[in-house]
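Understanding the architecture of this molecule
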Amino acid sequence: MKSASSHLSQSVDKNNCIDIGPFSGITVIGWCTHADDNGVEIPRWSAGWNGVLMISFKRVRAAGGVAALALAVTALVGCSSSEAAPPSDEVGADEVLPIRVGYSQGPSTLPIIIAEKNGIFADHGLDFTGTIVTPGPTAMQGLGKQYDVLQTSTQAVFEAADQGLDIAFVTGMGNSTTELPAFPVYVGDASISTWGDLGGKVFGVPSLTGFATTTALFLAEKEGADPASIETPVVPWDTQADQLAAGQVDAVWTVIPYSFLMNSKGFTLLGDPTLQATGVDELVASVTAAPGDFAEKNPETLSRFKAALEEAAQWVADNEDEAKQVVVDVLGLPEQLIMSNPMQSYKIDLAPADLEPMFVVYDQLDMLQDLPELDELFAKF
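Residues numbered from 1 in each chain as written. Predicted model: local features only at pLDDT ≥ 70, side-chain atom pairs only at ≥ 80, totals over all residues. Heavy atoms only, no water.

Side note on the nonpolar core
- Counting residues in hydrophobic clusters, the biggest one holds 95 residues, and the most contacted among them are Leu110, Phe121, Phe158, Ile167, Phe169 and Phe305.
- Sequence-distant contacts of Ile167, defined by excluding residues within four places in its chain, comprise Met140, Leu143, Val157, Ala160, Ala161, Ala289, Ala290, Pro291, Gly292 and Leu377. (Core = buried A, V, L, I, M, F, W, Y, C linked by side-chain atoms within 4.5 Å. Buried < 20%, exposed > 50% of the residue type's maximum accessible area, 1.4 Å probe, protein only. Contact = heavy atoms within 4.5 Å.)

Shown next as structure tokens:
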């Protein structure tokens, strides 16, 4: 991809990068160094060797970490399992096609949940098998092995493709808008009123590699903060409100419906960094993706999958109260909290133009230098 130069980027020595994790579903911080004008290596947050956004606060040397990194990368770019579904390029209209899907449970994946619950996948001739995954790099390692399609973040797909993984976007999923942002940042420290105020603070994030983390640090640096001064512990969604209230973190980025909980507890909304950094009013919040070879061999399977999701998303729009009850049942959140707030919108039909705004950020950070052209990353079906 074409990239623009920026003071936000530094030359990163890939040999000095160690990504410690992910292991056992836990994403652990990665470390990188870059050379300053005097040739002295100092820590820096940047796109690292594995295409993962690495936020470093001190230099780390660990021979075991290098070996662990090699294992993680090997798992990510390994060949697809022989257990994958058979090709569907030439199938009859009445033939039932298997599809295995990995996804996280929440409002952003409600079309998948509804399509299974209401028999919509079956109506479209799909034998659906779902696997609940924890969002993050670990989930990506199962793509092509444990599941044929993965619901994940856009940035996770970009990073995998940038490192040579044959992967293709299939559909969009949850949508983020200015009216109902998907990745809002809330603050519990009254001294934080701008992105630059995050400097020197503890900023809890559910994922170190999500686009919300990337853009929040991007905006903080644009407003004069040193990203290396921002501590970014991984804080799960369901503990964020408690940690904010206890002062264990100064700010967090969260997702729907946990943002409703933040509002109810009176925390201050700073904004959605993904929308503010890209300068758009609407942005796809999550996607589904498949290995490139699976997409090429199974266009009919993916066509049916997309059609089923579109029908499920329309059902959600037409049956909001019932859809909200499903969210309550799945997540176990207070019924009043969900019922009194709006439903997230969905964008199933995904096109390259929908993702182009993200490169306002990526180009300035010199990320994703080896990424194929956008249209080459989309499954054709």
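That covers the picture; the talk isn't over yet.
What to know about the packing of aromatic side chains
- Using the criterion set out here, one finds eleven aromatic pairs in the structure.
- A centroid spacing of 5.9 Å and a plane angle of 5° characterise the contact between Phe121 and Phe305, whose relative ring orientation is stacked. Here Phe121 is found in helix 3 (residues 120-123), whereas its partner Phe305 is found in helix 11 (residues 299-318), with 184 residues between them in sequence.
- An aromatic cluster is present here, built from Phe158, Phe169, Phe211, Phe359, Tyr362 and Phe378 joined pairwise through their rings. (Phe/Tyr/Trp six-rings, centres within 6.5 Å; stacked < 30°, edge-to-face > 60°. Helix = DSSP H or I, 4+ residues; strand = E, 2+ residues; numbered from the N terminus.)

Describing the environment of Leu219
- Turning to its location among the elements, Leu219 is positioned in helix 6 (residues 211-222).
- In sequence terms Leu219 and Trp195 are 24 residues apart; their C-alpha atoms lie 5.9 Å from each other.
- Beyond its immediate chain neighbours, meaning those up to four positions away, Leu219 contacts Trp195, Pro273, Gln276 and Ala277.

Some words on the packing of helix 11 against helix 12 (residues 320-331)
- Across the interface, helix 11 lies against helix 12 with an axial gap of 5 Å and an inter-helix angle of 110°. Accordingly, the angle class assigned to the pair helix 11 and helix 12 is roughly perpendicular. Residues Trp315, Val316, Ala317 and Asp318 of helix 11 lie in contact with helix 12, whose contacting residues are Glu320, Glu322 and Ala323. (Axes fitted to C-alpha atoms, helices over the stretch in contact; angles between N-to-C directions. Parallel < 35°, antiparallel > 145°, perpendicular 65-115°, else oblique.)

Brief notes about the packing of helix 2 (residues 110-117) against helix 11
- At a closest axis distance of 8 Å, the pairing of helix 2 and helix 11 adopts a crossing angle of 100°. The orientation of helix 2 with respect to helix 11, classified from their angle, is roughly perpendicular. Contacts between helix 2 and helix 11 involve Leu110, Pro111, Ile112, Ile114 and Ala115 from the former and Ala308, Leu309, Ala312, Ala313, Trp315 and Val316 from the latter.
- Considered class by class, the residues forming the contact of helix 2 with helix 11 number eleven nonpolar, no polar and no charged. (Nonpolar A, V, L, I, M, F, W, Y, C, P; charged D, E, K, R; others polar.)

Considering empty space enclosed by the protein
- All told, the structure shown has one cavity of 30 Å³ or more when counted by the stated rule.
- In this structure, the largest cavity spans a volume of roughly 60 Å³.
- Taken together, Pro107, Ile256, Pro257, Phe260, Lys324, Val327, Ile338, Asn341, Pro342, Met343 and Gln344 make up the full set of residues lining the largest cavity.
- Taken together, the residues of the lining of the largest cavity break down into eight nonpolar, two polar and one charged. (1 Å grid on protein atoms, 1.4 Å probe; cavity = no way out; pocket = protein on both sides within 12 Å on 5 of 7 lines; lining within 4 Å. Points joined across faces, edges and corners; volume = space filled by probe spheres on them.)

Notes on the sheet that holds strand 10 (residues 167-172)
- In spatial order, the strands read 8-7-9-17-10; together these five strands make up an open sheet with mixed pairing. Every interior strand has two partners, whereas the edge strands, strand 8 (126-132) and strand 10, have only one. Each strand axis lies, on average, 30° off the axis of its neighbour in the sheet, ignoring direction.
- Sheet topology places strand 7 (residues 97-103) next to strand 9 (residues 149-152); two bridges connect them, and they run parallel. Of the residues in strand 9, the one forming a bridge with Val101 is Val149.
- Across the sheet, helix 5 (residues 154-162) touches strand 9, strand 10 and strand 17 (287-291), and the angle it forms with strand 10 is around 165°. (Pairing = 2+ DSSP bridges.)

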